[in-house]
Every structure is written in structure tokens, then in C-alpha cells.
Amino acid sequence: MIGGAGRGRRRARPPASLPTSTSARRTEHSVSCWYCDCKIYGFNDTLFSLGSKYARFMRGWFSIGVCFSLIALVGISLMLLWESIGVFYLRSGCLSAWLKNLLISGHSISIMDTTIIIMSTILSIAFHEFGHAIAAASEGVEIEYVAIFVAVLFPGAFVALNYDLLQNRPLFSMLRIYCAGIWHNVMLCAVCVLMTSLLPVVLYPLYVSGDGLMVSGIPRTSPLSEYLSAHDVILSVDGMKITRTDEWIKILNQDTTAKSSGPEFLEGSQRYVATNSGKGYCVPDSWMDASKNLWQISDKLPCPDELIAFEKAISNDSAIFTEKIGRGSDQKEVEGKYCLIAKDVVKLRKCGNGWQRTEDNGSSRACFEDEYCLVPALTPGFSWIEVSYAKPYSWGCLQRGGNLSSSSHATDNDLGQNPCEGSFVYVGDLLSAARSVRLSPYWPRWPLLFLADVPYILGNGLSSLLHASAALAVVNSLPVFYLDGEAILEASLSYISRFSRRQRHKILKVCCLVWTVLSVITFSRIFYSTTLFYVFV
């Protein structure tokens, strides 16, 4: 949701029946079938007094904003034009991905996240319009009213100024007023970045960080809900420690298996095909012999009970392969599979090339003579991960007097027996599972669980405010109808004396028309691709 432009409203003359006293009439409403707004007059005196009191400082401050806004207008406009040209050559540009990251939040859709996004958008719009109002007051331009509107389904806000006084100001004074909103949004982004970097220091007295991710929320529909619960701490994935939420998404996204079949090769009379899982375990012969009594050779019958299917594998430097067994030319090929208990298998030594990111990279990946390297048999699109977690606030852990720092050094054999720690294996679509869990890199030092959500709200609130403010600055930097970019371009063209007033007007209309069309196309593509992503992922 983007707002804060209202260029047409700013240029319009105030209505003839304007209130004569702000105390007598503080608000005014107008409603139509596609547009409704609420005009607020109660802030006029306060804003004008504040801008007039610090007029000299404000003019210097917003003069810097003019330089930045002009550079942003030219740079972003050229990027949008270049990307639009690249579409005809089937070349994807970076601007769409950049704008998509700014406009679309990466948060999961929940009541808390939705509230954070709405509040961040409101604050970004309010700070944007506050910049326009203070800049106008410092130039001696009266504020008619502050309005909040909803056009069709899109909310926004604008500051209505005295148009006669505005047009009588010098060109650079007009630019300071027009560029103030963009400049304030940029400064708000800088403040968010600074506060985010200082967040670990601020939270240090009450919270722990750097040893895992706390589950601050997990819905019942999440595929991980049967393994994890709120206030659990995820310590590692496939043996790799994670300390940031982006690492969680990155690791699980990289682990998603390819949906296409791999290469094949022949060795003697046996045929091998590349498997979609390079994570193997050294399984003793005795386990495999016991498994033969459970497995029925059929592609349609799964392993009985809660067992997982594994298959023999051999590896080379670039891939890991599983053996394919043929049963005659007319008979369907089947795989030599073994049904094993996953929680027992994960305690065995690892083999294969899918463990390159784990901490024990230096250890040998070869199995002993009485062992075979088995990998999980996965369907296309599914992956296998090991997740180690801790329950520092569980009753058993608190009774034991354990804590996260002491329990994190437990051996693999203690996992499942230690009430403070555990591990599980998840097989499925990793990316959808990763997005279904709300994580925070901070958790309370003491079992004060009512404080557990505070770091998540602060961190995601700053991130959402950064994205909303940056998106508002980027969009208003474009020379588009009814946005700040149109006013900035119009005032900038007035500096070119070789063009007549009519020529400048034509240039303005042509530029605004072209970039409005390009913007509509670009944003339509962004929202369309985002909609498809959230529907199918």
C-alpha cells in the first residue's frame, strides 16, 4: 500500500468555504463511489509554528534533500526505462527484483505480521507528509489541511498547501517542499538501519542471541508443527549452526531437490542413476539384512509403519549415484530399497557429498567394509534435513536446571534423552516448511515468556518500516502523474530557460505519461509474479 502523493490535491485552490477557526471545525469529510477522505485542520498551527521557528535549519536540511531527490529521480527513471527496453529482448532486469523486495514483505501472513506491515506503512506515509508540511512552513507557505484518503482500495495521505503562496516562492524553495517527503523517507530508512544494527546491544541485558533461532510462532497447519512448538530453539540444520533468520531460508532453499532425473552410467552389468539426495549414512550389514524382511518390492507400497526407505549409493567427486536393478526387458525396473528407522539412522556416520556445509567437513566420507552408504529415497520435489533443537523453557529442562549453553554441547547419542535437546528428520517441501515458521534470533535469558515476542516485534517492525519507507521514496521519485516526481520534474524544467512555458508543459506531460505507463506495467508484473509465488509455493 503506497500513499503520500496527492499532487493534484496539493495544486488545487482551497475551497471557498474554508473554516475560519481551527478550533471551531477540526475535521471535514468527503465521500464518493471511488474516493473518500478525511481533512484534518487541527495540525495546521502546530506544524506552521514548528517550521517557522527552525526555518533556517530546515532550509539547509531540505536543500540536501533536493540534491538527493534529483539524483534519485534521474537514476530510478533511467533504470525503469532500461528494464522496460530489456523486456522486448526477453532480458530480466534487476529493478523488478529490487522493487519486489521493497514492496512485498517477506513476513508470513499472520495477525501480528499484518499489524506490523499496516503500522509501518502508516508511519512511513505520516513521516513523508510531515516532511512536506515542515518544509512548506519553513518557506512561509500556509498549510490548508492534512488529509487521509482511500482511492478505490489504496490508502494514502497528502498535505494541501496554499497554492497562490506556493507559486510565488522561488523555484528552489518549491523544490525543497516537493523533495521533502522523499528526503524524510530516506532518512527514516537510515534510522531503521542504525537501530537494527544496535538492536543486539539494546537487547543484550535481557536476551540471548548467536546460538540459534527461537520459534516465536508456528501454526497448526505448518508441516513442522508436529516436531516444534513455540519457544523452542533451532540449533542447527544438517549439522550447520544457524544464527540468522535469512540463513534458515537460504539453507532450506538450497536443500530443495531438483525435480528432473539425473545422469546415468554403467559399471559392469549394473546401471546407476544420480540421486536427488547426496546425504548418506554408513549403515551396517546387519541393519540391511533385518530390513529385507520388511520391504516388499513394489513402487506403490511404502515402508510399513513409520520407517523411511533408503537405497544403496556410490559416490564420485561430483555426484552420488544409486543402483538400478532390472528384472527383464519387459518387466518394470525396481530399486533395491531398505526400510529403516530414521531417528536411528541419523546417529550413524555420514557419507556422500551432500554434507559439504556441515562442520565435520574434514572427516572421512567413506564407510567401513561391513557398512554400506545408504541415502533416503525421495520423490521429486522433496528433500531430507536433520534439525537439532533445544527446549530451554520446558518443564523437564527447568527441573534439571539446564540451560541452552550447557545443553548445546551434548553428544548426538544424548539427543532425545536430554530433556533440553532433541533432533528430528523432516522429509518434504522444505521451502514451504521454512516459511511456515516464525523465527527470532533472540530469546529471554530467563523463563519470562511474556517477553519472548518483543525482539521479533522490534526486529520485524524495523525491517517492515525500512521496506515501506524505501518503497515510498522510490515510487515518489518516479515522474508519474499525481506523485512527487511530477512536481519535482515540473520545477526542474523551469530552470531551462530555452524552453517556453508551453514547451515545458508538453515535455512534462509526455514524460509523465511514458513513465506512468512503464510504472503500471512494471508493478503489475511484480504483483502478478508475487501472487503466483504465494499461491503455488
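Look up a bit, the structure's there.
Below is a summary of the structure that appears in this document. (Residues numbered from 1 in each chain as written. Predicted model: local features only at pLDDT ≥ 70, side-chain atom pairs only at ≥ 80, totals over all residues. Heavy atoms only, no water.)

### Looking at the packing of aromatic side chains
In plain terms, the rule: Geometry of aromatic contacts follows a simple scheme: Phe, Tyr and Trp rings, the Trp one being its six-membered ring, pair when their centres are within 6.5 Å, and the pair is stacked under 30 degrees between planes, edge-to-face over 60, tilted otherwise. Think of it this way: any DSSP run of H or I at least four residues long counts as a helix, any run of E at least two long counts as a strand, and we number them from the N terminus. Any residue under 20% of the maximum accessible area for its type is buried, any over 50% is exposed, and the rest in between are partly exposed; the area is computed with a 1.4 Å probe on protein chains only. Charge-over-ring placement is defined geometrically: NZ (Lys) or CZ (Arg) within 6 Å of the ring centre, and within 35 degrees of the ring normal.
Per the stated rule, a full pass over the model turns up 13 aromatic pairs. Judged by centre distance (5.6 Å) and plane angle (70°), the ring pair of Y41 and Y145 falls under edge-to-face. Of this pair, Y41 sits in the loop between β2 (35-40) and α2 (44-53) while Y145 sits in strand β3 (residues 143-151), and the two are 104 residues apart along the sequence. By the burial criterion, Y41 is buried, and Y145 matches it. Ring centres of F127 and F130 lie 6.4 Å apart, and the angle between their planes is 25°; this geometry places the pair in the stacked category. Linking F127 with F130, this pair stays in helix α5 (residues 111-138), spanning three residues, or about one helical turn. With a relative accessible area of 31%, F130 lands in the partly exposed category. Taken together through their ring pairs, the aromatic side chains of Y35, Y41, Y145, F149 and F158 make up a single cluster. Over the aromatic face of Y372 sits the side chain of K312, whose NZ or CZ is 4.3 Å from the ring centroid. Looking at R349, its charged tip hangs above the ring of F368, at a distance of 4.3 Å from the centre.

### Considerations on the packing of α5 against helix α7 (residues 171-203)
Helices that pack against each other are described as a pair by the angle of their axes relative to one another and the distance between those axes. For the record, the criterion: Fitting a line to C-alpha atoms yields each axis, with helices limited to the stretch in contact; the angle taken between N-to-C directions then spans 0 to 180 degrees. When an angle is under 35 degrees it counts as roughly parallel; over 145 it counts as roughly antiparallel; between 65 and 115 it counts as roughly perpendicular; any other value is oblique. Each crossing gets its handedness from the near helix: less than a right angle anticlockwise from the far helix is left-handed, clockwise is right-handed. Between two residues, a contact is recorded if the distance between any of their heavy atoms is within 4.5 Å. Three residue categories are used. Nonpolar comprises Ala, Val, Leu, Ile, Met, Phe, Trp, Tyr, Cys and Pro, charged comprises Asp, Glu, Lys and Arg, and polar comprises the others, including Gly.
As a packed pair, α5 and α7 sit with axes 7 Å apart at the nearest point and diverge in direction by 140°. The angle between the axes of α5 and α7 places the two elements in the oblique class. Judged by the sense of rotation from one axis to the other, the crossing of α5 with α7 is right-handed. For the pair formed by α5 and α7, the contact residues are S124, F127, H128, F130, G131, H132, A135 and A136 on the first element and R176, I177, Y178, A180, G181, I182, H184, N185 and L188 on the second. Of the residues in the contact of α5 with α7, the class split is nine nonpolar, seven polar and one charged.

### Overview of the state of the cysteines
A covalent bond between the sulfur atoms of two cysteines is referred to as a disulfide. Rule in force here: A pair of cysteine sulfur atoms is labelled a disulfide when the two atoms are within 2.5 Å.
Enumeration over the complete set of coordinates arrives at three disulfides. In this model C282 forms its disulfide with C367; the gap between the sulfur atoms is 2.1 Å. The disulfide joining C282 to C367 has a torsion of about -85° about its S-S bond and is therefore left-handed. Here C282, found in strand β10 (residues 280-284), pairs with C367, found in the loop between β15 (350-351) and β16 (371-376); they are 85 residues apart in sequence, far enough to count as distant. A relative accessible area of 23% places C367 in the partly exposed class. One disulfide bridge connects C351 with C373, the sulfur atoms lying 2.0 Å from each other. Sign of the S-S torsion, about 95° for the bond between C351 and C373, identifies this disulfide as right-handed. You can see C351 sitting in strand β15 and its partner C373 sitting in strand β16, a full 22 residues away along the chain. Note on accessibility: C351 and C373 belong to one class, buried. This cysteine, C36, is not joined by any disulfide, and C38 carries the nearest cysteine sulfur, 9.4 Å off.

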